[in-house]
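Overview (structure and organization)
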Amino acid sequence: MSNGNGIAAGTIRVEAGDTGDGSGAVAVLTLDSPAKLNAMGRTFWPELREALSRLATDGRTRAVIITGAGDKAFSAGGDIASFAELTDVVAKREFQQDCMRTFAAVEESPLPIIAAVNGFAMGGGCELALACDVVIAADTATFGMPECGVGLVPGFGVLRAPAVIGRQWTKLMMFGGERVDAATALQIGLAQKVVPAAELLPAARELAGRFAAMAPLAVATGKNLVNRGVDRGEFDHSTGALTTLHATADAAEGIAAFLGKRAPRFEGR
């Protein structure tokens, strides 16, 4: 993350946004690996948690925007190559827990968090958008949860997407690899606003400024009450199921096929 002045380190850049009054009450957090379509590598998860923790306690920030660097992707999701490096069950479980802790940090932050989706939001990118409080999508945005294609499921998405877009749309996106464009995302509730791509960050900043102008304790309390149905026990269930899936021959085949740019040959084992 940055030191607050826009100096980046790792895969995340954090800088103060402009609410029009010079207060710096809005922070813009940018996933900053455009050459990899802002894919989420192993260091991404703790970096995001640390960034959100610092912003929540800096005494200045009252709203956060998360977006992706470049104009192609919000995030293409988890770095599949890093999955292949997980060689034992303990490592697989720890990785899943790390991901879940990070999505929970977004949900449970006292700050309102806006996802400004500027392109592809696939897999973990779509799940990150689901964890945010409001999604503003560029008219060029595309959402998807294609994990079943590599023998896995979106661990957080399978828990949260049904409450946002309904069970059937969740199943269509998961089982069928259905990609959802911005207009459809707005229709099904995956996005709350759609704007031309050139207007995405200005629109996100305007909304974040409105959030930042509200009483911060009221916003934090309201967010907590709206999310009161969130059960962290579900994360343990999802982590266990995903760890089991990650250890299957089909998952190994799916990951190998993805990396080898070929069609997978699943055998159901």
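Residues numbered from 1 in each chain as written. Predicted model: local features only at pLDDT ≥ 70, side-chain atom pairs only at ≥ 80, totals over all residues. Heavy atoms only, no water.

1. Focus on the overall build of the chain
When helices and strands are counted, the chain shows eleven helices and ten strands. Burial analysis of the chain (269 residues in total) assigns 47% to the buried set. Once local pairs closer than 6 in sequence are excluded, the contacts in the chain between residues at least 24 apart make up 69%. Accessible surface, the chain: about 12,300 Å² in total, of which carbon and sulfur atoms supply 55%. (Helix = DSSP H or I, 4+ residues; strand = E, 2+ residues; numbered from the N terminus. Buried < 20%, exposed > 50% of the residue type's maximum accessible area, 1.4 Å probe, protein only. Contact = heavy atoms within 4.5 Å. Areas by Shrake-Rupley, 256 points an atom, 1.4 Å probe, with all protein chains shown as cover.)

2. Details of the confidence of the model for the chain
Per-residue confidence for the chain gives a mean pLDDT of 87; residues scoring 70 or more make up 85%. Of the regions scoring below 50 in pLDDT, residues 1-9 engages in 22 contacts with residues more than four places distant in sequence or in other chains. (pLDDT = per-residue confidence, 0-100.)

3. Thoughts on the sheet that holds strand E9 (residues 180-181)
Strand order in the open sheet formed by four strands is E4-E6-E8-E9, and the pairing between neighbours is mixed. Single-partner strands in this sheet number two, and they are strand E4 (73-75) and E9. Relative to E9, strand E8 (residues 142-144) runs antiparallel, the two being bridged by two bridges. In the sheet register, Thr142 faces E9, and the bridge partner there is Asp181. Sheet strands touched by helix H4 (residues 124-131): E4, strand E6 (120-122) and E8. Its angle to E6, the strand with the most contacts, is close to 90°. (Pairing = 2+ DSSP bridges. Axes fitted to C-alpha atoms, helices over the stretch in contact; angles between N-to-C directions.)

4. As for the packing of aromatic side chains
Tallied over the full model, the rule gives four aromatic pairs. Measuring from ring centre to ring centre gives 5.0 Å for Phe44 and Trp45, while their planes differ by 80°; the resulting arrangement is edge-to-face. Accessibility assignment for this pair places Phe44 and Trp45 in one class, buried. A connected cluster of aromatic rings, assembled from ring pairs, spans Phe44, Trp45, Phe95, Phe103 and Phe156. (Phe/Tyr/Trp six-rings, centres within 6.5 Å; stacked < 30°, edge-to-face > 60°.)

5. Quick notes on unusual backbone geometry
Phi is positive for Leu37, which is not a glycine, with a value near 55°. Tracing the chain through its elements places Leu37 in the loop between strand E2 (26-31) and helix H1 (44-57). Accessibility expressed as a relative area gives 30% for Leu37, which makes it partly exposed. Positive phi is not limited to glycine here, since Asn38 has a value of about 55°. With respect to the helices, strands and loops of the structure, Asn38 is situated in the loop between E2 and H1.

6. A few points about helix H8 (residues 200-213)
End to end, H8 covers 20 Å across 14 residues, agreeing with the expected 20 Å (1.5 Å per residue, within 8%). Those residues of H8 that fall on the buried side of the exposure criterion are Leu200, Ala204, Leu207, Ala208, Gly209 and Ala212. Contacts made by the buried residues of H8 are with E2, strand E3 (63-68), strand E5 (113-117), strand E7 (134-138) and strand E10 (193-195). (Expected span 1.5 Å × (residues − 1).)

7. Side note on the nonpolar core
In terms of nonpolar packing, the biggest core is built from 47 residues, with Leu29, Ile66, Val117, Leu128, Phe143 and Leu190 touching the most fellow members. With six residues, the top contributor of residues to this core is H1. (Core = buried A, V, L, I, M, F, W, Y, C linked by side-chain atoms within 4.5 Å.)

8. What about the packing of H1 against helix H3 (residues 89-108)?
In the contact formed by H1 and H3, the axes pass within 9 Å of each other and the chain directions differ by 25°. One way to sum up the angle between H1 and H3 is to call them roughly parallel. As H1 runs across H3, the sense of the crossing is left-handed. Two secondary-structure elements touch here, H1 through Trp45, Pro46, Leu48, Arg49 and Leu52 and H3 through Phe95, Asp98, Cys99, Arg101, Thr102, Phe103, Ala105 and Val106. (Parallel < 35°, antiparallel > 145°, perpendicular 65-115°, else oblique. Left-handed = near helix turned anticlockwise from the far one by under 90°.)

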